[in-house]
Amino acid sequence: MKSGTTFIQGNEAIARGALYAGLQFFAGYPITPSTEIAEILSEKLPKLGRKFLQMEDEISSMCAIIGASLTGLKVMTATSGPGFSLKQEAIGYAVMAEVPSVVVNVQRGGPSTGLPTGVAQGDVMQARWGTHGDHSIITLTASNLQDVFLMTVEAFNLAETYRTPVILLFDEVVAHMREKVKIPEPGEINVVERLHTSVPEGTNFHPYLTREDGRLPMSDFGGVHRYNVTGLVHDMWGFPSNDPKVAYDLLHHLVDKIENKADLLARYKEHHTEDAEILLISFGSAARTALHLVEQRRQRGLKVGLLELQTLWPFPRQLVRRMCKGRTHVLVVEMNMGQVCQEVRKAVIRPERVYLANRFDGASIAPADILNVLNMIRGKGV
Amino acid sequence: MEKKRKIVINRDWCKGCGICVAFCPKEVLVMDDQDKACWAHPEKCINCGLCELRCPDMAIELEENKS
Amino acid sequence: MAVKDYMRERFLPHIWCAGCGHGIIMGNMIRAIDQLNLKKNDIVVVSGIGCSSRMPGYLDFHTMHTIHGRALAFAMGVKMGQPELNVIVPMGDGDALAIGGNHLIHAARRNVDLTAIVMNNSIYGMTGGQYSPLTPTGKKATTAVYGTDSKPFDVVALASGAGATFVARTTTYHVKEMVDIIKAAILHKGFSVVEIMSQCPTYYGRKNKMGGAVEIMETFQEKTVKLGSKKAEADPELMQRGVFVQEIQPEYVESYQALTAALQKTAQKGRGLGKGEHHG
């Protein structure tokens, strides 16, 4: 893959970011608007001696990448809403068994078949709670293609560091638009490799015994350590257990390993926020519109700024609370009925000052949509 | 005459299903009063090993008779 | 090596009921592996959910206990990820033919080098005895109070029709045949399906007044015949045992590796790495 500047589609930026991060195995099923990711990788992966599989459905795609990850490979799958719903049980398995993996969901209009070619951001809560049971998960997003590339690499890094599935939650506009992307040189961006255990052959290896630094070293299937992987509540050996203490410790481990690092995991960008009286909070392609509006209003002297979230889960509560302090108004801009807005309200001191500017009819949110709400909350009518 | 191999039954693993007893071609095994299989008639045993192969609990082993 | 040497002994006695056929299958699968002299580190056993799927936990190999019906999907990822490994997939009625049916036919269609062991006890045991796609017509189960509503699958016909290149059937009574068939299935380079008639005396047997484990195994002995035998010709209604399909066809993972090797050769021949280029 050439480094240097190129002009590509968002889905291609995802594919290239994955390859840069060391993707070795992709399994997927076509679904608009993510299909290009599978198509591009079906051509590139075999050329690189890596693996591409078109499975019979989204469920088996997720299962196949988990199996492959346990043989030591970096893995990814890609889909949209309906496929993301299908994958949830298997995502839960990856959470429970602590298997590094990356799941791309390019959001489209929902629910159900919805608007296959329409943009939406309606899967935010599903990314957090789509699979059953108490758990935590990491979800990243981006609003421009350079960041799509970077967040994709970041997703692989976090998957390896935290031994978890990481969801890349993009949307149809970002995935299908074309923009300039500078592909970095090898080594220019940090890539985290699989952490293998140093326990020698013949010594007991505990696949689920956390190291002092919080990391959980792995051993590849086919290697010198034989162990069990299961979706049942299990002990540090990977064997099923009914013991309440084991269940308590395991569930806390699965949740705490990510939730306790919410601050560390918070990726974001600030635009014109220092002296902003009104703070917009947005993500994905909605943030592009929000940024345009902020810059337009700044030219007219309005002190408005944008906090662009790139980490959606664990929700960056501390960051949001800190950033919202002292503002006269906070306006969350998103293409759903207020999924991130709810979280912002929970995080801030003055939730009554948090407003929502949104759109969910399949069209992109326009500057006028945000401006109308801005004018309303400032008491200026529309 | 000593058998080449003796039948050793793991009583912890045996669940008393009776399969070995029912299918022994020489009726060498019986269920004892604790519902565990027992090599009751070693003199009739032909060391065919079918009891070992058919035991669902891995509780029967034919071992070299080292006497 | 002894059977015990292949087991995670500290977990025995296993959870299966007294007389359950699954233990017989596990023991003879181990004997097959032992006779083939396969190394433990080269074996991965992947299962789904159900009584049958508890098997991997007892085995001292690389083991995965996954989600219902998806064992073959996980196994496919393992095999593609590390093609040198021997991947064995024990499944029950539901795992292989109900929720997992789609993955069975696609694995067969692709002819991936996996060994699927369908442990057919004609019931869903773990959840308390509901009927399965392999329960014979008219039999009773907890969700078939008036008798089952449809015909069961013929696993051999389904697997063959879908493209499996090794298809066999045996029973828990025919233990020596079982070892030979499992050995051939593992050695076979392609998708192997071994259907093993097994007994669930606790639910299927009791609900249908079939007696216990011994009685059910006796019906396997009396009501099945060797494929191609005179007895089979005399009574075509009897269930046949043996190897029904055994052929060599292009195997999926091998074909993929050949493709990538050819592509990389072309790439290398074409040019060296240019300025700013790198692999990946």
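That block above? That's the structure.
A brief structural summary. Residue indices follow the written sequence of each chain, beginning from 1 at its first position. Note on labels: chains are lettered from A, ligands numbered from 1, in written order. The predicted nature of this model means local features are confined to residues of pLDDT at least 70 and side-chain atom pairs, given and counted, to a pLDDT of 80 or more, with totals for whole chains, interfaces and linings taken over all residues.

### Concerning the overall build of chain C
In step 1: In terms of regular secondary structure, chain C is built from 11 helices and eight strands.
In step 2: Restricting the calculation to C-alpha atoms gives the radius of gyration, and the globule rule supplies 2.2 Å times the number of residues raised to the power 0.38. In summary, chain C has a C-alpha radius of gyration of 20 Å against a globular reference of 19 Å for 280 residues, a match within 12%.
In step 3: The principal-axis extents of the C-alpha atoms in chain C amount to approximately 75 × 45 × 35 Å.
In step 4: In this scheme the burial state of a residue depends on its C-beta neighbours within 10 Å: 20 or more other such atoms mean buried, 12 or fewer mean exposed, and anything in between means partly exposed; the C-beta positions come from the backbone. For chain C, the proportion of its 280 residues judged to be buried stands at 53%.
In step 5: If you take every contact in chain C between residues at least 6 apart in sequence, the share linking residues at least 24 apart comes to 67%. Per the convention used, a helix needs a DSSP run of H or I reaching at least four residues, while a strand needs a run of E reaching at least two, with both numbered from the N terminus. By definition, residue pairs are in contact when their C-beta atoms, positioned from the backbone, come within 7 Å.

### Quick word on the interface of chain C and chain A
In step 1: Of the residues lining the interface, 38 residues belong to chain C; the matching set on chain A comes to 45 residues.
In step 2: Sorting the residues of the side of chain C that touches chain A by element identifies α2 (55-58), β2 (62-65), α3 (71-81), α5 (101-110) and α11 (252-270) of chain C as the ones contributing at least two each.
In step 3: Summarising the sheet, strand β9 (residues 228-230) of chain A and β2(C) pair through three bridges and their orientation is parallel. The partner of N228(A) across the bridge, within β2(C), is T63(C). Between any two strands, pairing holds if DSSP finds at least two bridges.

### Looking at the pairing of strand β6 (residues 192-197) of chain C
Residue and element names in this part refer to chain C.
In step 1: Among the six residues that make up β6, six are buried, leaving the element largely enclosed by the rest of the structure.
In step 2: Burial along β6 is two-sided: S192, V194 and I196 facing one way and V193, E195 and M197 facing the other are all buried.
In step 3: Note that strand β5 (residues 166-171) and β6 share six bridges and pair parallel. Its bridge partner lying in β6, R169 is registered against E195.
In step 4: For crossovers, right-handed means that the path from the first strand over the helix to the second runs clockwise, given strands pointing away from the viewer. In this fold, β5 hands off to helix α7 (residues 175-187), which returns the chain to β6; that crossover is right-handed.

### Let's talk about the packing of helix α3 (residues 58-69) of chain A against α3(C)
In step 1: Inter-axis angles, ranging from 0 to 180 degrees, are taken between N-to-C directions of lines fitted to C-alpha atoms, where helices are fitted over the stretch in contact. Following both chains from N to C, one finds α3(A) and α3(C) inclined at 45°, their axes separated by 6 Å at the closest point. Overall, the two elements α3(A) and α3(C) adopt an arrangement that is oblique. At the point where α3(A) passes α3(C), the crossing takes the right-handed sense. In contact with S60(A), C63(A), A64(A), I65(A), I66(A), G67(A) and A68(A) of α3(A), α3(C) contributes A73(C), F74(C), A75(C), M76(C), G77(C), V78(C), M80(C) and G81(C). Small angles under 35 degrees read as roughly parallel and large ones over 145 as roughly antiparallel, with 65 to 115 read as roughly perpendicular and the rest as oblique. In this scheme, a crossing is called left-handed if the near helix is turned counterclockwise away from the far one by less than a right angle; it is called right-handed if the turn is clockwise.

### A short note on the environment of A159(C)
In step 1: One can find A159(C) in helix α6 (residues 155-162).
In step 2: Those residues within four positions of A159(C) in sequence are excluded, and the remaining contacts are A108(C), A164(C), V167(C) and V193(C).

### A look at the sheet that holds strand β4 (residues 75-79) of chain A
All names here are of chain A.
In step 1: The seven strands lie next to each other as β3-β2-β4-β5-β7-β6-β13, forming an open sheet whose pairing is mixed. Among the strands making up the open sheet, the edge pair consists of β3 (51-54) and β13 (311-313). Each strand axis lies, on average, 20° off the axis of its neighbour in the sheet, ignoring direction.
In step 2: Alignment of strand β5 (residues 101-107) against strand β7 (residues 165-171), held across seven bridges, turns out to be parallel. If you follow S101 over to β7, its bridge partner there is P165.

### With respect to the nonpolar core
In step 1: In this usage, the nonpolar core is the set of buried Ala, Val, Leu, Ile, Met, Phe, Trp, Tyr and Cys residues whose C-beta atoms join them within 7 Å. Within the largest apolar cluster, 206 residues are counted, with the highest numbers of intra-cluster contacts made by L168(A), V89(C) and I117(C).
In step 2: With 11 residues, helix α6 (residues 145-162) of chain A is the single largest residue contributor to this core.
In step 3: Domain borders in the structure are assigned automatically or taken from a domain database. No fewer than three residues from each of domain 1 (4-183) and domain 2 (269-377) of chain A sit in this core.
In step 4: What L168(A) contacts, discounting residues up to four positions off in sequence, is I14(A), V102(A), V104(A), L140(A), M151(A), T152(A) and A155(A).
In step 5: Membership of the second largest hydrophobic core comes to 11 residues, among which are C51(C), C200(C), Y203(C) and Y204(C).

### So, the pairing of strand β15 (residues 354-358) of chain A
In step 1: Most of β15(A) sits inside the fold, with four of its five residues counted as buried.
In step 2: As for the winding sense of the linkage, the β-α-β connection from strand β14 (residues 329-334) of chain A through helix α12 (residues 339-347) of chain A to β15(A) is right-handed.

### With respect to the arrangement of the chains
In step 1: Most contacts, when the two pairs of chains in contact are compared, are made between chains A and C.
In step 2: Nothing in chain A touches chain B; the tightest C-alpha to C-alpha distance between them is still 20 Å.

### Examining the interface of chain B and chain C
In step 1: Tallying the contact residues gives 16 residues for chain B and 19 residues for chain C.
In step 2: The set of elements that each furnish at least two residues to the side of chain B that touches chain C consists of α1 (19-23) and α2 (50-54) of chain B.
In step 3: It is α2(B) that contributes the most residues to the side of chain B that touches chain C, three residues altogether.
In step 4: Classifying every residue of the side of chain B that touches chain C gives nine nonpolar, two polar and five charged. Here the nonpolar group is Ala, Val, Leu, Ile, Met, Phe, Trp, Tyr, Cys and Pro; Asp, Glu, Lys and Arg are the charged ones; every other residue, Gly included, is treated as polar.

### Observations regarding the sheet that holds β2(C)
In step 1: Pairing is mixed across the open sheet formed by nine strands, whose spatial order is β9(A)-β2(C)-β1(C)-β3(C)-β4(C)-β6(C)-β5(C)-β8(C)-β7(C). Here the strands that pair on one side only, and so sit at the sheet edges, are β9 of chain A together with β7 (224-226) of chain C. Direction aside, neighbouring strands of the sheet carry axes that sit 20° apart on average.
In step 2: Packed on one face of the sheet, helix α1 (residues 21-35) of chain C meets β1 (43-47), β4 (115-120) and β6 of chain C and runs near 155° to β4(C).

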